[in-house]
Amino acid sequence: MSAASDVIIVGGGLMGSSAALFLRGHGLSVTLLETDLIGRQASGTNFGNVRRQGRPIHQLPLANRAIAIWRQSRELLGADVEYLQSGHIRVCYRERPELVGSMEDYAAKAREEGLELELLSGNALRDKFPFFGPDVLAGSYSATDGHANPRLAAPAFARAAARLGAVIHENTKIVDAQKVGEDFIVTAVDGRTFRAPILLVTAGAWGNALSSQFGEPVPITPKGPNMSVTEPVPYGILPAIGVMTPIEEETVYFRQVARGNIVLGGSTRGPSFPDQYRAYVEPQNTLSQLKHIRRLAPSLGKLNIIRVWSGIEGYMPDSQPVMGPSATTSGLYYAFGFSGSGFQIGPGVGETMAEVIAKGATDIPIAPYRIERFATPT
Amino acid sequence: MVEPRIIPRVVIVGAGPAGTRAAEACVQAGVRPIVLDEGRRDGGQIYRRQPDNFTRPYAKLYGSEAGRAQALHETFDGLKGAVDYRPETLVWNIAGGHIWTASQTYADTLPFDALLLCTGATDRLMPVKGWQFAGSYSLGGAQVALKSQAVSIGHKVVFMGSGPLLYLVASQYVEAGANVVAVLDTAHYSARIKALPDLLAVPSVLWNGVALTMKLKRAGVAVHNGIKPLEIKGNADSGVSGVRFRTGAGAEQEIICDAVAMGHHLRPETQLADLARCAFAFDPGTRQWLPKRDGDGRSSVAGVYLAGDGAKILGARSAEASGRLAALAALGDLGLPVDKGEMASLRGDVGTYAKFARGLAKAFPWPSEQASQLPDDAILCRCEGVTAGDLRGVMRETGAKEANRAKAFSRVGMGRCQGRYCGLAAAELIAAEAGVPVEQVGRLRGQAPVKPLTIAIGEEQ
Ligand SMILES: Cc1cc2nc3c(=O)[nH]c(=O)nc-3n(C[C@H](O)[C@H](O)[C@H](O)COP(=O)(O)OP(=O)(O)OC[C@H]3O[C@@H](n4cnc5c(N)ncnc54)[C@H](O)[C@@H]3O)c2cc1C
């Protein structure tokens, strides 16, 4: 006999863990299955930006829902995930003045969705934040964005879900999923099976292996963004900072945690190996990241990095996730492939998927993420 | 000798006993290796050379090992035209058949056909309550102060821990005229007796050890065996003021001092082997994870060789033999003619030293129970200021019982030393708390850069 529940969730990242918590809130019994340990993949290795600005306008309602959860995370989770609403700044460089127009445009549309952004000239920015280099032309400041600790977040959601009765199996890799009659039966690599009428796939970069079993393959590409961290220095940089540029190599960002370390990220992404659960940092990417960090904030050149890391993230061709019901199989739902920006919206994704599953509908616009957009016409 | 068609690119990391002998073997085979070392001078840790403007004699600096130190230095000096020697160069990462180096802000990348990792060792440390106070040093740190700076770490110095280095450094301090108030050894004397059969594998080294103890006693230094460290007393402003310990007989005792040098023998510097993706295995004798290698020093990764204390702690003499052996293995694998007979005899030497090393591990056991008994308010991870109680609390709250998991949640081992100092003790504490054998706790994954790397890297090219 296989273990039964109302919902099976495959994938214990931030999406699966928060969905488990909110599904319990709707009174559904939940079994969460995770290959490794909760929150060790993208959700535990990411940069930790809790940033709304820069997301597509159609995603802001989801991001707003998430921000409300981040703000109450301490009470909701009974744990401190180091969420700091200390602001976020997106800047552009002198050689791309046209981006100032894009920023203004974006700010006007974001305001309609309730996200206030303030545009600042390079000099105004340098007055307030003297670490910015001379190449910074302008910036867009969001006072209500911030950052959190990815190592702590997903496990805290999972622990909270477990306290509410969610059943969590770690070290449980699902290799087969089928719908038999009214129920889904999923089988772990060691032969254990689990049964439920509803299946939610939150398997991150591994999502395609499961969606394919239901005739819905997707063109997902695993990649490993590069991260570095400095030794601790006195806390002084409040907002998280990022560069807006069309060139991948220039796309760097940093934030300082309360303990004092400055986390650096971005520039060229490296390859990752989902089968081995490893993403290695290419040394040349570290060098390129540091070079572009020096341009953004030259004074950081005085510091040392003490560690680099990467993680496995699934990227979709249009940089938008797969999120919503399956087009082939009733009772099957997806939320994966967050394309490098799933951390902030994670808790909102969990709450929205729980709502869709429990109530059959949501006011949050998720149509842009439906899996059918990748269906090959037959 | 047949001239090889293509000149192989051999890179040696580390210019200590193993690296020097490896370089010598390359040069003798007609190969010009690149030798990199983060230090300013060759010699490595044990035969660390004094700065150019210092002129202390060998006997004064290296005591019983003066002859070996001098021979090694002379060998290295003699190789200088024939090797591409790059001091003050940190190898901070290895990937795709290349090593990545940093020399201040200068970045370089070197391809290799054979990479010999002769990265040496650092102290194996056991945290003691109060070890974060200024005036607490590792034995290695205390030795560096003496050898390269000719200064003592304090006016009244206590040596605490166990292992041959405890006695060696203490006696070097006595020799240099420093005031050594006590040597506190956690190992019981009886352990040494039991280890004798293995230690007799290399009688001369055994005899050196006995001589050191006699020298300390003659100098009036109190030597206590079988002690249990309780606390390094002091405060954040004025540093160390004393040590409190339980004697072998069970009495509590306090000694006033202003500096403590600590260590429990050594641990290999295996991060580069890890970054090179060498496979590791748990070694029950030393309770450490060590890179796997065959009898000649071949790692699990083709083209990567391991020698000296950086692979396993077998001591300086063994390092010279295993450095040469690994180089011969590498040269042979590259198609150069090597003397098979010499390799066999080197293997024999290394085996003898391995027997001796087993004896040392028995004579000076790692007091793993001390980690599990560490009081809650004692700092475990100095870099991140995490106490034993913090880690226990995190384990209770999150259920973490694997080294990297516990690190992710508690920050233990997450600081600038990447767990070099606290990692082994933290693993013991986690194992005891979780009630699992220490090998099940796993090992902290090595992450680049192996030492802090300036963000200004690459600025000056
Ligand atoms: C280095 C890095 C930096 C990033 N920076 C940011 C950032 O600053 N801001 C931001 O918003 N986003 C960022 N992201 C993206 C963000 O981390 C991800 O979008 C988000 O965490 C995805 O969560 P997830 O739960 O979908 O995936 P994951 O966290 O990867 O979780 C999926 C889980 O599913 C499990 N799984 C897969 N297949 C199976 C199976 N068959 N059986 C059982 N379990 C399975 C996996 O083991 C994994 O634990 C970054 C990502 C990375 C890698």
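For clarity, every value in this text was computed on a predicted model and none was experimentally measured.

Asks: Can you help me understand the overall build of chain A in this one?
Replies: Of the regular secondary structure elements, chain A holds ten helices and 23 strands. Over its C-alpha trace chain A gives a radius of gyration of 21 Å, about what one expects of a compact globule, namely 21 Å for 378 residues. In terms of its C-alpha atoms, chain A occupies a principal-axis envelope of roughly 65 × 45 × 40 Å. The proportion of buried residues among the 378 residues of chain A is 61%. Long-range contacts, defined here as pairs at least 24 residues apart, represent 72% of the contacts in chain A between residues at least 6 apart. Here chain A has roughly 13900 Å² of accessible surface; of this, 53% comes from carbon and sulfur atoms. Computing the positive centroid from 35 side-chain charges and the negative centroid from 35, chain A places the two 5 Å apart.

Asks: Please explain the domain arrangement of chain B as it appears in this structure.
Replies: Frequently, the measure chosen for interface size is the accessible area removed from exposure when the parts meet. All names here are of chain B. Taken domain by domain, chain B holds domain 1 (10–122 + 267–360), domain 2 (125–264) and domain 3 (369–441). Using only C-alpha atoms to locate each centre, domain 1 and domain 2 end up separated by 28 Å. With 22 residues of domain 1 at the contact, the number on the domain 2 side is 21 residues. For the domain 1 and domain 2 pair, buried surface summed over both sides reaches about 1800 Å², with 60% attributable to carbon and sulfur atoms. Run the count over domain 1 and domain 2 and you get two residue pairs in polar contact (both at pLDDT 80 or more). Going through the elements one at a time, helix H2 (58–62) and helix H10 (340–363) are the ones with two or more residues in the side of domain 1 that touches domain 2. Take the side of domain 1 that touches domain 2: its biggest share by element is seven residues, from H10. Among the residues forming the side of domain 1 that touches domain 2, the class breakdown is ten nonpolar, five polar and seven charged.

Asks: Any chance you could explain the pairing of strand E22 (residues 322–325) of chain A here in plain terms?
Replies: Both faces of the sheet carry side chains from a regular strand, because those side chains alternate between them. With four bridges joining them, E22(A) and strand E23 (residues 332–336) of chain A adopt antiparallel strand pairing. Bridge pairing in E23(A) places A:Gly324 opposite A:Tyr334.

Asks: Looking at this structure, I do not really get the state of the cysteines. What am I missing?
Replies: Among covalent bonds in proteins, the disulfide is the one between the sulfur atoms of two cysteines. All names here are of chain B. With the rule as written, the count across this model stands at zero disulfides over all chains. No disulfide involves Cys-417; its sulfur sits 3.8 Å from the nearest other cysteine sulfur, which is in Cys-383. On the basis of relative accessible area, Cys-417 is assigned to the buried category, the value being 9%.

Asks: Where do I start with the site of the ligand in this structure?
Replies: All names here are of chain A. Neighbouring the ligand are 37 residues, the closest being Glu-34, Ser-43, Ile-174, Glu-313 and Phe-343. Backbone polar atom of Ala-42 to an oxygen atom of the ligand: 3.2 Å apart, as the coordinates give it. In the environment of the ligand, an oxygen atom lies 3.4 Å from a nitrogen or oxygen atom belonging to the backbone of Ser-341. Here the ligand has 1000 Å² of accessible area as a free molecule, and 97% of this is covered by the chains. Looking at the shell around the ligand, the elements with two or more residues in it are helix H1 (14–25) and helix H2 (42–45). Counting residues per element, the shell around the ligand draws most heavily on H2, which supplies three residues.

Asks: What's the story with the domain arrangement of chain A in this structure? I'm lost.
Replies: Residues and elements named next belong to chain A. Segmenting chain A into domains produces domain 1 (3–47 + 151–218 + 318–374) and domain 2 (88–143 + 226–310). For domain 1 versus domain 2, the distance between C-alpha centres works out to 31 Å. Counting residues at the interface gives six residues for domain 1, matched by eleven residues for domain 2. By the criterion of area lost to domain 2, the three top residues of domain 1 are Thr-45, Phe-47 and Trp-206, representing 71% of everything that side buries.

Asks: Would you explain the interface of chain A and chain B in this entry?
Replies: Between chain A and chain B, the contact holds 34 residues from the first and 33 residues from the second. Across the chain A to chain B interface the summed buried area is about 2900 Å²; carbon plus sulfur atoms make up 55%. Counting every contact that joins chain A to chain B gives six salt bridges. The interface formed by chain A and chain B includes 20 residue pairs in polar contact (both at pLDDT 80 or more). Contributions of two or more residues to the side of chain A that touches chain B are made by helix H7 (150–163), helix H9 (283–296) and strand E20 (304–310) of chain A. The element that contributes the greatest number of residues to the side of chain A that touches chain B is H9(A), accounting for seven residues. Here the residues of the side of chain A that touches chain B are counted per class, giving 18 nonpolar, seven polar and nine charged. Bridge analysis of E20(A) against strand E23 (residues 453–454) of chain B gives two bridges, and the strand direction is antiparallel.

Asks: Explanation requested: empty space enclosed by the protein in the structure shown.
Replies: Gaps left between atoms are located by rolling a probe of water-molecule size over the structure's atoms. Residues and elements named next belong to chain B. What the rule picks out here adds up to three cavities of 30 Å³ or more. Estimates place the volume of the largest cavity at around 490 Å³. For the largest cavity, the lining is made up of 31 residues, of which Gly-419, Gly-423, Leu-424, Arg-443 and Leu-444 are closest to its centre. When contributions to the lining of the largest cavity are tallied by element, the ones reaching two or more residues are strand E17 (266–268), helix H8 (271–275), strand E18 (280–283), strand E19 (288–291), helix H13 (403–410) and helix H14 (423–434). Counting residues per element, the lining of the largest cavity draws most heavily on H14, at six residues. The class makeup of the residues in the lining of the largest cavity is 14 nonpolar, nine polar and eight charged. Looking at the lining of the largest cavity, you find at least three residues from each of domain 1 (10–122 + 267–360) and domain 3 (369–441). Estimated volume of the second largest cavity: approximately 40 Å³.

Asks: Sorry if this is basic, but what is going on with the sheet that holds strand E12 (residues 222–225) of chain B here?
Replies: The strands that make up a sheet are held in pairs by hydrogen bonds between backbone atoms, and each pair lies either parallel or antiparallel. Residues and elements named next belong to chain B. If you walk across this open sheet you meet the five strands as E9-E16-E10-E11-E12, and the pairing is parallel. The open sheet is flanked by strand E9 (136–138) and E12, the only strands paired with a single partner. Mean inter-strand twist for the sheet, computed between neighbouring axes without regard to direction, equals 20 degrees. Relative to E12, strand E11 (residues 180–185) runs parallel, the two being bridged by four bridges. Bridge pairing in E12 places Leu-184 opposite His-224.

Asks: What's the story with the packing of aromatic side chains in this structure? I'm lost.
Replies: Each aromatic ring pair is described using two quantities: the centre-to-centre distance and the angle formed by the ring planes. Residues and elements named next belong to chain A. One pass over the structure, following the stated rule, counts 16 aromatic pairs over all chains. Look at Phe-184 and Phe-214: their rings are 5.8 Å apart centre to centre, the planes differ by 70 degrees, and that puts the pair in the edge-to-face class. Of this pair, Phe-184 sits in strand E11 (residues 183–188) while Phe-214 sits in the loop between helix H8 (207–211) and strand E14 (221–224), and the two are 30 residues apart along the sequence. Both residues of the pair, Phe-184 and Phe-214, belong to the buried class.

Asks: What is the right way to look at the sheet that holds strand E3 (residues 84–86) of chain B in this model?
Replies: Residues and elements named next belong to chain B. Pairing is parallel in the open sheet, where five strands are placed in the order E3-E2-E1-E7-E20. Bordering the open sheet on either side are E3 and strand E20 (304–306), each of which pairs with just one other strand. Put simply, the sheet's adjacent strands are angled 15 degrees from each other on average, direction ignored. Across three bridges, the pairing between strand E1 (residues 10–13) and strand E2 (residues 34–36) is parallel. Note on E2: the bridge partner recorded for Val-11 is Ile-34. Contacting strand E7 (114–117) and E20, helix H9 (residues 316–333) crosses the sheet at an angle of about 160 degrees to E20.

Scoring rules and cut-offs
Residues numbered from 1 in each chain as written. Chains lettered and ligands numbered in written order. Predicted model: local features only at pLDDT ≥ 70, side-chain atom pairs only at ≥ 80, totals over all residues. Heavy atoms only, no water. Helix = DSSP H or I, 4+ residues; strand = E, 2+ residues; numbered from the N terminus. Rg over C-alpha atoms; globule rule 2.2 N^0.38 Å. Buried < 20%, exposed > 50% of the residue type's maximum accessible area, 1.4 Å probe, protein only. Contact = heavy atoms within 4.5 Å. Areas by Shrake-Rupley, 256 points an atom, 1.4 Å probe, with all protein chains shown as cover. Lys, Arg positive; Asp, Glu negative; His and termini not counted. Charge placed at Lys NZ, Arg CZ, Asp CG, Glu CD. Domains from an automatic or database assignment. Buried area = accessible area lost by both parts, 1.4 Å probe. Polar contact = N/O pair within 3.5 Å; in protein donor to acceptor, adjacent residues only side chain to side chain. Nonpolar A, V, L, I, M, F, W, Y, C, P; charged D, E, K, R; others polar. Pairing = 2+ DSSP bridges. Disulfide = S-S within 2.5 Å. Near = heavy atom within 4 Å. Salt bridge = Lys/Arg side-chain N within 4 Å of Asp/Glu carboxyl O. 1 Å grid on protein atoms, 1.4 Å probe; cavity = no way out; pocket = protein on both sides within 12 Å on 5 of 7 lines; lining within 4 Å. Points joined across faces, edges and corners; volume = space filled by probe spheres on them. Axes fitted to C-alpha atoms, helices over the stretch in contact; angles between N-to-C directions. Phe/Tyr/Trp six-rings, centres within 6.5 Å; stacked < 30°, edge-to-face > 60°.

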